[in-house]
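Close look at the chain arrangement
The residues making up each chain are set out below.
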Amino acid sequence: MKKESNNLLSGFTLIELLVVISIISLLASIVLASLNSARVKARDARRKADLNQLRTALAFYYDSNNAYPGTGSAWFESENGCCGNYNSGNYIPGLTPAYISTLPRDLRGGAGTPQPTCGPWLQAYIYFSDTVNYTLLSHCAPEGTWTSSDGFYDPSRRTWAWRVCSSQTLCT
């Protein structure tokens, strides 16, 4: 009597493994793209919240002093090397700690900007005031998309900045 042996190998073929790896890679890239989009939206929402917080603190400062913190004829910046005077990071003088505990910085901390219109400038908050009026920008920072109906829309810097001002006429 002859004994039959089963020499069949069980397992996956190379093609099957490659198909599965390709599907997993495709799904991973879709998930990572979605996460990046969510991160951009979260950073932009945080920038808008920072601008609102600074606007409120500046209003309290004005109520107490009948003037806004002045910068002379210079723009003060939150990141050294952006586009104005660094002023040791105190880009709105006299606002801390009485009106706001710390001055916020851009979430990317001055990292290079994805906005090609910004050239060599850094992502930063910048502030200018003659003590009667002020302009505060989230400079080279917005990463998502926005329209002219956005409350932070800056008609002078449509593609690379958001702005809040002491008066509506200054912001138009």
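Here's what I pulled together on the structure shown here. Just so it is clear, the structure is predicted and the values come from calculations on it, not from any experiment.

A look at the pairing of strand E2 (residues 124-129)
By the criterion of burial, E2 is predominantly enclosed, with five of the six residues buried. Linking E2 to strand E3 (residues 134-139), which pair antiparallel, is a turn of four residues; within it Thr 131 sits at a positive phi near 75 degrees.

Re the packing of aromatic side chains
The tally for this structure, following the rule as stated, stands at seven aromatic pairs. Taken together, the ring pairs in this structure connect Tyr 62, Tyr 68, Tyr 127 and Tyr 134 into an aromatic cluster. Of note, Lys 48 hangs over the ring of Trp 162, and the distance from its end group to the ring centre comes to 4.9 Å.

Some points on helix H1 (residues 14-65)
End to end, H1 covers 75 Å across 52 residues, agreeing with the expected 76 Å (1.5 Å per residue, within 8%). By the burial criterion, the buried members of H1 are Val 40, Arg 43, Asp 44, Arg 47, Asp 50, Leu 51, Leu 54, Ala 57, Leu 58 and Tyr 61. Check the buried side of H1 and you find it contacts E2, E3 and strand E4 (161-165). Asn 66 sits one or two residues past H1 and shows a positive phi near 55 degrees.

So, the layout of surface pockets
Of the voids in this model, the largest pocket is the one considered here, and its volume is about 180 Å³. Lining the largest pocket are Arg 55, Ser 148, Asp 150, Gly 151, Tyr 153, Pro 155, Arg 163, Val 164, Cys 165, Ser 167, Gln 168 and Cys 171. Residues that form the lining of the largest pocket fall into these classes: five nonpolar, four polar and three charged.

What counts, and at which threshold
- Residues numbered from 1 in each chain as written.
- Predicted model: local features only at pLDDT ≥ 70, side-chain atom pairs only at ≥ 80, totals over all residues.
- Heavy atoms only, no water.
- Buried < 20%, exposed > 50% of the residue type's maximum accessible area, 1.4 Å probe, protein only.
- Helix = DSSP H or I, 4+ residues; strand = E, 2+ residues; numbered from the N terminus.
- Pairing = 2+ DSSP bridges.
- Phe/Tyr/Trp six-rings, centres within 6.5 Å; stacked < 30°, edge-to-face > 60°.
- Lys NZ or Arg CZ within 6 Å of the ring centre and 35° of its normal.
- Expected span 1.5 Å × (residues − 1).
- Contact = heavy atoms within 4.5 Å.
- 1 Å grid on protein atoms, 1.4 Å probe; cavity = no way out; pocket = protein on both sides within 12 Å on 5 of 7 lines; lining within 4 Å.
- Points joined across faces, edges and corners; volume = space filled by probe spheres on them.
- Nonpolar A, V, L, I, M, F, W, Y, C, P; charged D, E, K, R; others polar.

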